[in-house]
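Secondary and tertiary structure notes
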Amino acid sequence: MVATYSILSLLIIFALSLLIVRTGSIALEMTGLSPDVASFQATSAFSGAGYTTEEAEQAITTVGRRKTVKALIRLGSIGLLGAISSLILSFTRTGGDDLLNLLYILGGAGVIILFARSRWFNRLVTPLIEWALSETTELEISDYAQLLGLQREYRVAEVEINEGDWLAGESISELDLPREGVLILGIRRGDSYIGAPQPDTETKPDDTLVLYGKQDRLKELSDRLSGDAEAREGAVEDHEETLEEQKQLIEQ
């Protein structure tokens, strides 16, 4: 009887661990990570493996991602994995058939894994987890670069507009950022989001522009002073050189 309770407890903890990792993976996907990357990073954070890779850096680039990873690390460190080890060790003290207990554990774990990986189960559970996360968290989808498979030197970044900034009070057409190799993907305004803004859309202080372009150009734009015509001209020249290089590549 003791062994039976131990086996059931072990399988419940194992199923709970898979559910936590799955929830963390979906949360990371909601912030813009690809499914494969989100799944790996969620498993890594929960298990405490702590792989140091470029993907790991992407997993902590936004507030929502950092909160998710932190929660997974905390849940993994409170003893779920240790409890599994302790329960396994307890079987050796029950005086029962250790081999039979091991078979029960392996069989139960196998069933749980197959169940968790089944398509119909994921189609049922994933929307429920996404709904629960959207209702109880403030996850921000702000990194589109990984989803789009962009080149390493290009980024999608958010630039806040403050009162008096050169970006404030101008229409999209007046800013003419495409001449500098930068696209405006959207504008965050309070709790609203203006996607693919029209040329006559005017920026306002406290807006946040969602921009796509080369990393160094995005950094320069966010730091540029009002009226800096020289920086503007330099950016346009750099983009024209880039266009020429791209044209040569296409013609090869």
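Keep in mind it's a predicted model, so treat the numbers as computed, not measured.

Along the backbone of the chain there are 10 helices and four strands. For the chain, the sequential pattern of α-helices and β-strands runs α-α-α-α-α-α-α-β-α-β-β-β-α-α. A buried classification covers 35% of the 252 residues belonging to the chain. Of all intrachain contacts in the chain linking residues separated by at least 6 positions in sequence, the fraction that spans at least 24 positions is 69%.

As a further point, take the packing of aromatic side chains. This model, assessed by the stated rule, comprises zero aromatic pairs. Here the basic side chain of arginine 224 rests over the ring of tryptophan 166, its NZ or CZ set 4.8 Å away from the ring centre.

On the surface, a cluster of negative charge is made up of Asp228, Glu230, Glu233, Glu237, Glu240, Glu241, Glu244, Glu245 and Glu251. Structurally, the position occupied by glutamate 240 is in helix H10 (residues 229–251).

The subject of this paragraph is the side chain of threonine 201. Looking at the secondary structure, you find threonine 201 in the loop between strand S3 (192–195) and strand S4 (208–214). Its relative accessible area of 16% is what places threonine 201 among the buried residues. Setting aside its immediate chain neighbours within four residues, threonine 201 contacts Glu170, Ser171, Ile172 and Ile187.

One finds Leu167, Leu177 and Leu211 to be the most contacted residues of the largest nonpolar core, which totals 15 residues. When residues of this core are traced back to their parent elements, those giving at least two are helix H8 (172–175), strand S2 (183–189), S4 and helix H9 (215–223). Contact partners of leucine 167, with chain neighbours within four places excluded, come to Val159, Ile161, Leu175, Thr203 and Leu209. With 11 residues, the next largest nonpolar core counts Ile20, Leu33, Ala42 and Leu72 among its residues.

Walk down a regular strand and you will see the side chains alternate between the two sheet faces. Note that S2 and S4 share five bridges and pair antiparallel. Within S4, the position partnered with leucine 183 by the bridge is tyrosine 212. Here S2 runs beside S3; their pairing, made up of four bridges, is antiparallel. Of the residues in S3, the one forming a bridge with glycine 186 is glycine 195. Between S2 and S3, which follow one another and run antiparallel, lie two residues, and glycine 190 among them has a positive phi close to 65°.

For the rest of this paragraph, the subject is the pattern of salt bridges. Applying the stated criterion across every chain yields a total of nine salt bridges. With a closest N to O distance of 3.4 Å, arginine 232 and aspartate 176 form a salt bridge. Of this pair, arginine 232 sits in helix H10 while aspartate 176 sits in the loop between H8 and S2, and the two are 56 residues apart along the sequence. Its salt-bridge partner being arginine 232, residue glutamate 180 comes within 2.6 Å of it at the nearest N-O pair. Note that glutamate 180 is positioned in the loop between H8 and S2 and arginine 232 in helix H10, a separation of 52 residues in sequence. One salt-bridge network, held together by shared partners, links Asp176, Glu180, Arg217, Glu220, Arg224, Arg232 and Asp238.

The next thing to look at is a positive patch on the surface. A grouping of Arg66, Lys67, Lys70 and Arg74 is seen on the molecular surface, where their side chains present a positively charged patch. Along the chain, the position of lysine 67 falls in helix H4 (residues 63–91). On the basis of relative accessible area, lysine 67 is assigned to the exposed category, the value being 56%.

Looking now at the environment of tyrosine 212. The topology assignment puts tyrosine 212 in strand S4. Tyrosine 212 sits 34 residues away from proline 178 along the chain, and the two C-alpha atoms are 9.8 Å apart.

Conventions used here
Throughout this document, residue positions are counted from 1 along each chain, in the order its sequence is written. With pLDDT at 70 or above as the cut-off, local features in this predicted model cover only qualifying residues; side-chain atom pairs require 80 or more to be listed or tallied, and sums for whole chains, interfaces and linings still use all residues. Only heavy atoms go into the side-chain values, all of them from the structure, while hydrogens and water stay out. Each helix is a run of DSSP H or I of at least 4 residues and each strand a run of E of at least 2, with the numbering of both proceeding from the N terminus. Three labels apply to residues, based on accessible area from a 1.4 Å probe with only protein chains included: buried if under 20% of the type maximum, exposed if over 50%, partly exposed otherwise in between. What makes two residues a contact is simply this: any of their non-hydrogen atoms within 4.5 Å. Geometry of aromatic contacts follows a simple scheme: Phe, Tyr and Trp rings, the Trp one being its six-membered ring, pair when their centres are within 6.5 Å, and the pair is stacked under 30 degrees between planes, edge-to-face over 60, tilted otherwise. A ring is considered to have a charge above it if a Lys NZ or an Arg CZ atom is located within 6 Å of its centre and within 35 degrees of its normal. Exposure above 30% relative accessible area and the absence of a salt bridge qualify a residue for a patch, where like charges join within 9 Å and nonpolar side chains (Val, Leu, Ile, Met, Phe, Trp, Tyr) within 5 Å. A 1.4 Å probe and the Shrake-Rupley method give the accessible areas. Residues count as covered only by the protein chains that appear here. Salt bridge, as used here: a side-chain nitrogen of Lys or Arg that lies within 4 Å of a carboxyl oxygen of Asp or Glu. Only four residue types enter the tally: Lys and Arg on the positive side, Asp and Glu on the negative side, with His and both chain ends excluded. Just so you know, the charge point we use is NZ for Lys, CZ for Arg, CG for Asp and CD for Glu. We call a set of buried residues a nonpolar core when its members are Ala, Val, Leu, Ile, Met, Phe, Trp, Tyr or Cys and they connect through side-chain atoms within 4.5 Å of each other. Only when DSSP finds a minimum of two bridges between them are two strands counted as paired.

Keep in mind these values describe shape, not function.
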